[in-house]
Amino acid sequence: PAATTVKISHCSDYRGKRVKVYGWVHRLRVQGKDFMFIVLRDGTGFLQCVLTGRLCNTYDAITLTLETSVVLYGTVTAVPEGKSAPGGHELIVDYWEVISKAPGGNEAISNKVSSDSDPSLLYNQRHLVIRGETASSVLKLRSYTVKAFRDYFDSIEYMEVTPPTLVQTMVEGGSTLFSLPYYGETAYLTQSSQLYLESCVPALGNVFTISQSYRAEKSHTRRHLAEYSHLEAEAGFINFEDLLNLIEDLVCSVVDSVQKHPIAGPILKQLNPNFVPPSRPFLRMEYKDAITWLNEHGIKKEDGTDFVFGDDIPESPERQMTDAINRPILLNRFPGPIKAFYMPKCKDDPRVTESVDLLMPNVGEIVGGSMRISTLEQKLEAFKTQGLKPEEYHFYLDLGKYGGFPRGGFGLGIERFMAWIADRYTVRDCSLYPRFPGRCTP
Ligand code: 4AD
Ligand code: MG
């Protein structure tokens with residue numbers, strides 16, 4: 001009978017029918033000379049395929065290697081009780097062909113998890129590693145998660161925009177800018193689309209973007225990438241409390257839709273069986289109380305002294321605190337000097353700003369946000385202290401000139417969010433082809 005070409009994810013709709021399936025040999029087991037099992041992978045899933053008799057005795061069958069691409073014809077059959085197979089069915093093959101042979105030898109690479117091998121070997125072979133079960137599950141989960149972020153913003157009627165990533169302004173400090181020659185001038189790879197999002201609010205209302213951001217980080221940590229996917233949002237006429245609620249609602253709603261999704265939910269469960277969705281409300285903790293917490297728990301600065309108000313809280317103490325508290329923390333009201341130039345002072349305490357970081361157990365900061373200074377005078381003053389040239393920021397200054405308005409927004413690192421929900425040790429495993437110091441390939 002004629003065979004319909006199907007993707008593995010749709011095979012369950014074809015039980016008892018003859019189908020044609022394309023894919024790669026993911027696993028191979030030869031049993032005697034008349035039995036061969038192939039686990040076929042086509043990107044949409046895995047299918048156990050059974051080859052018997054003369055199908056196993058051909059030259060192609062005897063020399064078959066992992067990652068060879070093949071086409072298989074056969075009948076989708078429910079597996080008998082007590083036998084397990086992905087999807088609860090297998091393909092009883094009646095004809096097959098090799099499309100293109102793989103050399104074998106490095107075959108195990110596609111099934112390796114990055115923690116048990118030399119990481120630099122695995123990053124060199126990332127194009128093969130992503131064929132593996134764990135790496136591809138993380139990337140699939142990421143795809144559904146990004147879609148859930150978009151759906152969330154759609155549901156609250158934010159417009160999606162695509163700001164440029166080649167820029168001539170800095171947002172998060174000059175020390176992490178990548179610069180490049182640009183038609184005889186200097187340009188930078190953007191650190192954040194924030195200033196552009198701010199400029200969109202009077203034009204489009206509330207906006208968001210999922211764009212690449214770049215940081216020439218000197219830190220080789222498990223949560224820093226040189227290039228990352230940055231979800232950023234900006235809202236007009238909100239106050240600081242609204243901003244905190246928005247971040248909380250976004251995170252909870254997206255976790256909820258991912259967990260309930262028929263495909264993403266099971267992937268999440270398999271990658272992170274102990275995942276507990278965060279409960280609302282998130283703990284709101286002021287920076288000054290975090291300093292007190294660190295002192296009360298004997299956590300010291302690198303030089304052995306106590307943290308004092310005004311100190312930046314580095315990654316390690318921040319992680320110790322977040323892991324000990326073991327729930328999401330909206331850490332807020334940081335002192336101005338340790339935060340970005342665009343953050344306004346709190347009206348009741350000018351030593352601190354309307355700023356917030358969302359900290360997650362095991363990962364640390366996944367969101368950074370704040371209200372924004374909005375008047376021309378505030379901006380010019382901030383530029384003076386930072387040594388920024390106002391003429392390079394004319395579009396940003398004009399926002400204060402042509403109808404300044406209260407606003408706030410935030411940025412969320414997609415890879416950090418993924419490391420949190422999928423329980424990955426490093427954000428590098430949540431990036432398709434991670435970029436970090438010493439690596440810009442493949
Ligand atoms: O805290 P950051 O630097 O804030 C901003 O860029 C703001 N302009 C965002 C805004 O308000 N629109 O970065 C925001 C988030 C961090 O919380 C972190 O999740 C992620 O971006 N991030 C990185 N992720 C991976 N590698 C890096 N080097 C990152 N730097 C920041
Ligand atoms: Mg930050």
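Conventions adopted
- Residues numbered from 1 in each chain as written.
- Chains lettered and ligands numbered in written order.
- Predicted model: local features only at pLDDT ≥ 70, side-chain atom pairs only at ≥ 80, totals over all residues.
- UniProt positions renumbered as here; feature names shortened; annotations may be inferred.
- Helix = DSSP H or I, 4+ residues; strand = E, 2+ residues; numbered from the N terminus.
- Near = placed C-beta within 6 Å.
- Nonpolar A, V, L, I, M, F, W, Y, C, P; charged D, E, K, R; others polar.
- Pairing = 2+ DSSP bridges.
- Contact = placed C-beta atoms within 7 Å.
- Axes fitted to C-alpha atoms, helices over the stretch in contact; angles between N-to-C directions.
- Domains from an automatic or database assignment.
- Buried ≥ 20, exposed ≤ 12 C-beta atoms within 10 Å, placed from the backbone.
- pLDDT = per-residue confidence, 0-100.

- Looking at an unreviewed UniProt entry, one finds the chain named asparagine--tRNA ligase, with Smittium megazygosporum as its source organism.
- Looking at the chain in UniProt, the text filed under Subcellular location (unreviewed entry) is "Cytoplasm".
- Among the UniProt annotations of the chain, the heading Sequence similarities (unreviewed entry) holds the following wording: "Belongs to the class-II aminoacyl-tRNA synthetase family."

**Considering the overall build of the chain**
Next, step 1: Within the chain, the regular secondary structure consists of twelve helices and 19 strands.
Next, step 2: Projecting the C-alpha coordinates of the chain onto the three principal axes gives extents of approximately 85 × 50 × 40 Å.

**Here's the deal with the site of ligand 1**
Next, step 1: Near ligand 1, the surroundings consist of 24 residues, among which Ser192, Gln194, Gly368, Gly411 and Gly413 are the closest.
Next, step 2: Broken down by secondary-structure element, the contributors of at least two residues to the shell around ligand 1 are strand 12 (227-236), strand 18 (364-371), strand 19 (407-413) and helix 12 (414-421).
Next, step 3: Of the residues belonging to the shell around ligand 1, the class tally is eight nonpolar, nine polar and seven charged.

**Structural notes on the UniProt feature "domain: Aminoacyl-transfer RNA synthetases class-II family profile" (unreviewed entry) in the chain**
Next, step 1: Following the UniProt record, the feature "domain: Aminoacyl-transfer RNA synthetases class-II family profile" (unreviewed entry) maps to residues 139-434 here.
Next, step 2: End C-alpha atoms of residues 139-434 are separated by 12 Å, and the span's content is 35% helix alongside 23% strand.

**Considering the pairing of strand 6 (residues 89-100)**
Next, step 1: For strand 4 (residues 46-52) and strand 6, the ladder comprises three bridges, and the chain directions are parallel. Bridge pairing links Cys49 to Leu91 in strand 6.
Next, step 2: As judged from the ten bridges shared by strand 5 (residues 69-78) and strand 6, these two strands associate in the antiparallel manner. When the bridges of strand 6 are listed, Tyr73 appears paired with Tyr95.

**Thoughts on the sheet that holds strand 14 (residues 329-332)**
Next, step 1: Pairing in this open sheet of eight strands is mixed, and the strands run 7-11-12-19-18-17-14-13 from one edge to the other. The sheet is open, and its two edges are formed by strand 7 (159-160) and strand 13 (283-286), each paired on a single side.
Next, step 2: For strand 7 and strand 11 (residues 207-214), the ladder comprises two bridges, and the chain directions are parallel. Its bridge partner lying in strand 11, Glu160 is registered against Phe208.
Next, step 3: Lying over the sheet, helix 4 (residues 133-155) contacts strand 7, strand 11 and strand 12, oriented at roughly 145 degrees with respect to strand 11.
Next, step 4: Together, strand 12, strand 17 (355-360), strand 18 and strand 19 form the strand contacts of helix 12, whose direction differs from that of strand 19 by roughly 60 degrees.

**Description of the domain arrangement of the chain**
Next, step 1: Once the domains are mapped, the chain shows domain 1 (4-105) and domain 2 (126-430).
Next, step 2: Here the C-alpha centre of domain 2 lies 45 Å away from the C-alpha centre of domain 1.

**With respect to unusual backbone geometry**
Next, step 1: For the bond running from Arg280 to Pro281, omega is -10 degrees, close enough to zero to count as cis.
Next, step 2: A cis geometry characterises the amide bond from Thr441 onward to Pro442, with omega recorded as -10 degrees.
Next, step 3: Mapped onto the fold, Pro442 is located in the segment after helix 12.
Next, step 4: Of note in this structure, Asn326 is not a glycine but carries a positive phi near 55 degrees.
Next, step 5: With respect to the helices and strands, the residue Asn326 is situated in the loop between helix 9 (315-325) and strand 14.
Next, step 6: Assessed through the 10 C-beta atoms surrounding it within 10 Å, Asn326 is described here as exposed.

**Some points on the sheet that holds strand 9 (residues 178-182)**
Next, step 1: Pairing within the open sheet is antiparallel, and its three strands lie in the order 8-10-9. Across the chains shown, the open sheet's two edge strands, defined by having one partner strand only, are strand 8 (166-167) and strand 9.

**A few points about the environment of Arg327**
Next, step 1: Relative to the elements of secondary structure, Arg327 occurs in the loop between helix 9 and strand 14.
Next, step 2: Looking at Arg327, the number of C-beta atoms within 10 Å reads 13, which means it is partly exposed.
Next, step 3: C-alpha of Arg327 to C-alpha of Ser279: the two residues are 48 residues apart in sequence and 8.5 Å apart in space.
Next, step 4: Those residues in contact with Arg327, other than ones at most four positions away along the chain, are Pro278 and Leu283.

**Concerning the confidence of the model for the chain**
Atom-level detail of predicted coordinates should not be read off regions where pLDDT is low.
Next, step 1: Put simply, the chain has an average pLDDT of 94, and 97% of its residues get 70 or more.
Next, step 2: Prediction confidence for the complex, expressed as pTM and ipTM, is 0.96 and 0.99 respectively.

**Section: the pairing of strand 17**
Next, step 1: Burial within strand 17 is extensive, with six of its six residues counted as buried.
Next, step 2: The side-chain alternation of strand 17 yields two buried faces, one formed by Ser355, Asp357 and Leu359 and the other by Val356, Leu358 and Met360.
Next, step 3: Two strands pair when backbone bridges link them, and strand 14 and strand 17 are joined in this way by four bridges, in the antiparallel orientation. Across the sheet, the residue bridging to Asn332 is Val356, located in strand 17.
Next, step 4: Relative to strand 18, strand 17 runs antiparallel, the two being bridged by six bridges. Counterpart to Ser355 in the pairing with strand 18 is Ser370.

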